[in-house]
Amino acid sequence: MANYSFSRTWQSQPMSARVIRLFLGITWIYGGWNKATDAGFLNSASPHYIGEQLKGYLTTSPIHAILQHMVEHASLMGWGVMLSEFAIGIATLLGIAGELAALGGFSMSIILWLSATWSVKPYFLGSDTAYAILWLALFLSIRQSARSRRITSIIPNLKDRREVVRLIGVGAASVVAAFAGKKFTTTNPTPEAGAAIATLADLPVGATKNFQAADGRAAIVFRTKAGVFAYARICTHQGCVADYDSASHLIKCPCHGAAFDPTNGGAAVAGPTQIALDKIKVAIKGNNIVQI
Ligand code: FES
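In this text, all values refer to a predicted model and were calculated from it rather than measured experimentally.

**Description of unusual backbone geometry**
The backbone phi angle of Arg-150 is positive, close to 60 degrees, even though this residue is not glycine. Position of Arg-150 relative to the elements: it lies in the loop between α7 (127-148) and α8 (161-183). Looking at Arg-150, the number of C-beta atoms within 10 Å reads 7, which means it is exposed. The phi dihedral of His-249 falls on the positive side, at around 60 degrees, and the residue is not glycine. For His-249, the location among the structural elements is in the loop between β5 (243-245) and β6 (250-252).

**Digging into the domain arrangement of the protein chain**
The figure often quoted for interface size is the accessible area lost as the parts come together. According to the domain assignment, the protein chain contains domain 1 (6-183) and domain 2 (196-291). Taken together, the contact pairs 12 residues of domain 1 with 13 residues of domain 2. Here the side of domain 1 that touches domain 2 is built from residues that sort into 4 nonpolar, 8 polar and no charged.

**Points about the pairing of strand β2 (residues 208-212)**
Judged from the 5 bridges that link them, β2 and strand β3 (residues 218-224) form a sheet pairing that is antiparallel. Within β3, the residue paired with Phe-211 across the bridge is Ala-219. Where β2 hands over to β3, the hairpin turn is made up of 5 residues, of which Gly-216 adopts a positive phi near 95 degrees.

**What about the sheet that holds strand β8 (residues 267-270)?**
Within the open sheet, the 4 strands sit side by side as β5-β6-β7-β8. Their pairing is antiparallel. Two strands lie at the open edges of the sheet, namely β5 and β8, each paired on one side alone. When the angles between neighbouring strand axes are averaged without regard to direction, this sheet yields 40 degrees. Note: strand β7 (residues 259-261) against β8, 3 bridges, orientation antiparallel. By the bridge assignment, Phe-260 is partnered in β8 with Ala-268.

**As for the sheet that holds β2**
Strand order in the open sheet formed by 4 strands is β2-β3-β4-β9, with antiparallel pairing between adjacent strands. In the strand order of this sheet, the two ends are held by β2 and β9 (279-280), each with one partner. Across 6 bridges, the pairing between β3 and strand β4 (residues 227-232) is antiparallel. Of the residues in β4, the one forming a bridge with Thr-224 is Gly-227.

Parameters and conventions
- Residues numbered from 1 in each chain as written.
- Predicted model: local features only at pLDDT ≥ 70, side-chain atom pairs only at ≥ 80, totals over all residues.
- Helix = DSSP H or I, 4+ residues; strand = E, 2+ residues; numbered from the N terminus.
- Buried ≥ 20, exposed ≤ 12 C-beta atoms within 10 Å, placed from the backbone.
- Domains from an automatic or database assignment.
- Contact = placed C-beta atoms within 7 Å.
- Nonpolar A, V, L, I, M, F, W, Y, C, P; charged D, E, K, R; others polar.
- Pairing = 2+ DSSP bridges.
- Axes fitted to C-alpha atoms, helices over the stretch in contact; angles between N-to-C directions.

Here it is as structure tokens:
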């Protein structure tokens, strides 16, 4: 195995592959960081919990039998996904075991496509197919350059002590990044249940108001002649924050086009989910609208 040189790993690639490598490396690290700094990702009481996300895919995914097993070990899966994202991103940027990292990124993208974005129609609105193709292109580019240097194996040479040290370094950096992310988690102070969301004067009949629910979720309250009702604005597909669209009278998710009907119990009426929005209990008390 040739001696490792960080700059040579970049110089030996064509510009097109460097652009893809930089983008994918940064994006995968960012993906890991997003999970590491999300206080709810590994918290089973949170709506962001990895287990809740996996459960949401069960109804539509062609690999639901495998996902069912993952739900049973959701926290472990969450750690695995987070550390893998860090490791793949770091290895990609540093050019350490680049082919394996690209294959790892490709595999993750395929699994995400078969689970998280399988029901996104048309397919090009889901990002995972594009990521899978980018990882495949990067893998082929690295393979081509390795072949020209007569390197046939894509497995790192574990007899080379320096190579082993570099791999351990990537693993250690991933663990450090995951724990560092935990230090940056932010827990917003949440209003108490029973605290006023709005006064009746602020929210006349026909109006809506976004608010933060007592459990911390983004939510929206509606006031109609019949009274008040509210929903969490967390999309039941992959957890993006949806917004009320007054033109269509639907709560729409900007990520993959899900739409929910607030006048029909928050039912999903379009997009890749069939699960209704969560209801938040609210009531009129005196001159205020409160969460109960
Ligand atoms: S998160 Fe995918 S449609 Fe909302």
